[in-house]
Amino acid sequence: MAEKKVYTGTGHRKSSIARVRMTSGKGKITVNGKDVNEYFPFPTLVMDLCQPLDVTNTRDKFDIEAKVNGGGFSGQTGAIRLGITRALLEYDGNTDPTSETSFRRILKAAGFITRDSRKKERKKPGLKKARRAPQFSKR
């Protein structure tokens, strides 16, 4: 039996880190050993996670296995999405990046290659949260 080629990608978002393994298959996505629809509570998160596959028309071409830890569901979804994007770029590595059908060009136009570096701002002394001041009382 022939060995399946494995494409990997690592994604970060907020405080979440995802390791993504992509192999040829029928489109099955598992996150931490569970089905993606079972792991994430909202269908919009699953839709957001699958966007790189939908844009490149490879949804039913690859099986994806993701291991993710840290953060909440939104951050984990963003981390997995970046990991899938990087795995797709590894798969499409031999294609000329300037051609119209290259994954790099398609994913760059959709804005999936750039890591979203926004994180929670630290709490400042004397304030209730990062910027929320205590309520002012005149008397």
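Preceding block: the structure.
Residues numbered from 1 in each chain as written. Predicted model: local features only at pLDDT ≥ 70, side-chain atom pairs only at ≥ 80, totals over all residues. Heavy atoms only, no water.

> So what's going on with the overall build of the protein? Residues and values would help.
Regarding its fold elements, the protein presents five helices and five strands. Helices (α) and strands (β) of the protein occur, in sequence order from the N terminus, as β-β-β-β-α-α-α-β-α-α. For 139 residues, the compact-globule estimate of 2.2 N^0.38 gives 14 Å, and the C-alpha radius of gyration of the protein, at 19 Å, exceeds that figure by more than 25%. By principal-axis analysis of the C-alpha atoms, the protein measures approximately 80 × 35 × 20 Å. (Helix = DSSP H or I, 4+ residues; strand = E, 2+ residues; numbered from the N terminus. Rg over C-alpha atoms; globule rule 2.2 N^0.38 Å.)

> Before we move on, can you summarise the pairing of strand β2 (residues 16-24) with the specific residues and values?
Pairing of strand β1 (residues 6-13) with β2 involves eight bridges; the strand directions are antiparallel. For Thr8, the partnering residue across the bridge sits in β2 and is Arg21. Linking two consecutive strands that pair antiparallel, namely β1 and β2, is a turn of two residues; a positive phi of about 55° is found at Lys14 within it. (Pairing = 2+ DSSP bridges.)

> So what's going on with unusual backbone geometry? Which residues, and what values?
In this structure, Lys14 takes a positive phi of about 55° despite not being glycine. Mapped onto the elements, Lys14 comes out in the loop between β1 and β2. For Lys14, a relative accessible area of 41% corresponds to the partly exposed category. Positioned with a positive phi, Asn32 is a non-glycine residue whose angle comes to about 50°. Tracing the chain through its elements places Asn32 in the loop between β3 (29-31) and β4 (34-35). (Buried < 20%, exposed > 50% of the residue type's maximum accessible area, 1.4 Å probe, protein only.)

> Just give me the short version of the packing of helix α4 (residues 73-91) against helix α5 (residues 103-110), but keep the residues and values in it.
For the pair α4 and α5, the least separation of the axes is 9 Å and the interaxial angle reads 155°. Between α4 and α5, the angle is such that the two are roughly antiparallel. Contacts between α4 and α5 pair Thr85, Leu88, Leu89 and Tyr91 from the former with Phe103, Arg104 and Leu107 from the latter. Counted by class, the contact of α4 with α5 contains five nonpolar, one polar and one charged residues. (Axes fitted to C-alpha atoms, helices over the stretch in contact; angles between N-to-C directions. Parallel < 35°, antiparallel > 145°, perpendicular 65-115°, else oblique. Contact = heavy atoms within 4.5 Å. Nonpolar A, V, L, I, M, F, W, Y, C, P; charged D, E, K, R; others polar.)

Everything listed here is a matter of geometry and, on its own, says nothing about what the molecule does.
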